[in-house]
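Residue-level structure breakdown
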Amino acid sequence: MTDSPALPSVNRAWHLVTRPVGWPKPEDFALVEAEVPTPRDGQVLVRNLYVSVDPYMRGRMSAAKSYADPYELNKPMLGGAVGEVVASRAEGFAVGDHVLHSFGWREYAALDAKNAVKVDPDAAPLSTYLGVLGMTGLTAYVGLLRTASFQEGDTVFVSGAAGAVGSQVGQLAKLKGASRVIGSAGSDEKVGLLVDEYGFDAAFNYKDGPVSKQLRAAAPDGIDVYFDNVGGEHLEAAIGSLNLNGRIAICGAISVYNNTEPAPGPKNLARLIQTRGRIEGFLVGDHYDLQPQFVEEVGPWVASGALKYRETVVEGIENNLEAFLGVLRGDNTGKMIVKI
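For the structure given in this document, a descriptive report is provided here. As a convention, each chain's residues are numbered from 1 in the sequence order in which they are written. Where local features are concerned, this predicted model is filtered to residues with pLDDT of at least 70; where side-chain atom pairs are given and counted, the filter is 80 or more; whole-chain, interface and lining totals use all residues. Water and hydrogen atoms were dropped before computing side-chain values, which therefore reflect all heavy atoms in the structure.

**Focus: the packing of helix α2 (residues 135–147) against helix α8 (residues 291–304)**
For the record, the criterion: Angles shown run from 0 to 180 degrees and are taken between the N-to-C directions of axes, each axis being a line fitted to C-alpha atoms and, for helices, limited to the stretch in contact. The helix count covers DSSP runs of H or I at least four residues long, the strand count covers runs of E at least two residues long, and both are numbered beginning at the N terminus. Convention used here: angles under 35 degrees read as roughly parallel, angles over 145 as roughly antiparallel, angles from 65 to 115 as roughly perpendicular, and any remaining angle as oblique. We call two residues in contact whenever any of their non-hydrogen atoms come within 4.5 Å of each other. For this classification, the nonpolar set comprises Ala, Val, Leu, Ile, Met, Phe, Trp, Tyr, Cys and Pro, the charged set comprises Asp, Glu, Lys and Arg, and every other residue, Gly included, is treated as polar.
Look at α2 against α8: their axes get within 10 Å of each other, and the N-to-C directions meet at 100 degrees. Considering the angle they form, α2 stands roughly perpendicular to α8. Counted together, Gly137, Leu138 and Tyr141 of α2 and Gln291, Gln293, Phe294, Glu297 and Val298 of α8 form the full contact between these two elements. Classifying every residue of the contact of α2 with α8 by side-chain character gives four nonpolar, three polar and one charged.

In structure tokens:
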């Protein structure tokens, strides 16, 4: 085994102790101290440097069956992380290597080497492997190009557009030849960011009035593609503005994640008959075959600055929970990252 000297004896990790009802509360979680784990044969010990908090994690806090296994109570939670190998009992991994893995919400993680992917800190900042060049970026790429079947000349509407996925969707659409890109966000500051920095043609604050009215003003000729991160009123408005053969890609529905009662569905679904419209949900995990193409195409755009990104960085494992709650509130601009 190879390892670095002077590892600490204590490892802090967040546990889910009670399944939240409605909005998660601090008392549903605990920051637990334990010994730093020792890697077994075929494993590496990773000191996490950056961890990800994402809206989908709210679903894993429920015991209901979903596309991802529920978090186990009183055990360390899971999530994307990138860190440095500090001990290795696995062939092909050495101390000092940097890896991407799914054992976040903790300071140190011992994991099978097959679940770690090497990343190059010289090619891009480590945090980007959790965002613009990671699962977040691939989600945007897959949803726009494969699920929504984007075509050059399309008019594209993105909700949650200042978030990590939404901001990349809008920029990808522009880089791919969209005729018009519209975004919605929850503050005037984010609306300005969408237009001034990310190059959206129009954007609006959904808190300023009915989404349907604001969308019609921003896209008087209708929309061809809607990338949905929000659900609810936004989805109904998009259906109302959908052009003939329009496509809707359902990525998330953050507006209803903490509801304790079922949210009403869009009242205008019958309009899909008139428009021959299509709604399709997707999970990025079903589309990893596009990963090489995604990195090959998007990597140079990130490196050149043609595709811009923002990160909201919160420091300290003790603030991991507050960072997650901030994502649910919409506090972040771009990808929410916790720096350990």
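**Things to note about the nonpolar core**
Selection criterion: Definition used in this section: a nonpolar core is a set of buried Ala, Val, Leu, Ile, Met, Phe, Trp, Tyr and Cys residues joined via side-chain atoms within 4.5 Å. Buried, partly exposed and exposed residues are distinguished by accessible area as a fraction of the type maximum, computed with a 1.4 Å probe on protein chains only: under 20%, between the cut-offs, and over 50%, respectively.
Leu144, Val156, Leu172 and Val298 are the most contacted members of the largest nonpolar core, which totals 45 residues. Elements represented by at least two residues in this core include exactly β4 (43–52), α2, β9 (155–158), α3 (164–175), β10 (180–185), α4 (188–196), β12 (223–228) and α8. Of all the elements, α2 adds the most residues to this core, at five residues. Look past the residues within four positions of Leu144 in its chain and what remains in contact with it is Ser149, Phe150, Val156, Val169, Leu172, Ala173, Val225 and Phe227.

**Regarding the pairing of strand β13 (residues 242–250)**
How we decide: Between any two strands, pairing holds if DSSP finds at least two bridges. By convention, a crossover is right-handed whenever its connection, traced from the first strand over the helix to the second and viewed with the strands pointing away, goes clockwise.
Looking at chain direction, β12 and β13 are connected through five bridges and run parallel. In the sheet register, Ile223 faces β13, and the bridge partner there is Leu242. Each parallel crossover has a hand, and the one from β12 via helix α6 (residues 232–241) to β13 is right-handed. As defined by bridge partners, β13 adjoins strand β14 (residues 278–281) across four bridges and the pair is classed as parallel. Bridge pairing in β14 links Ala249 to Glu280.

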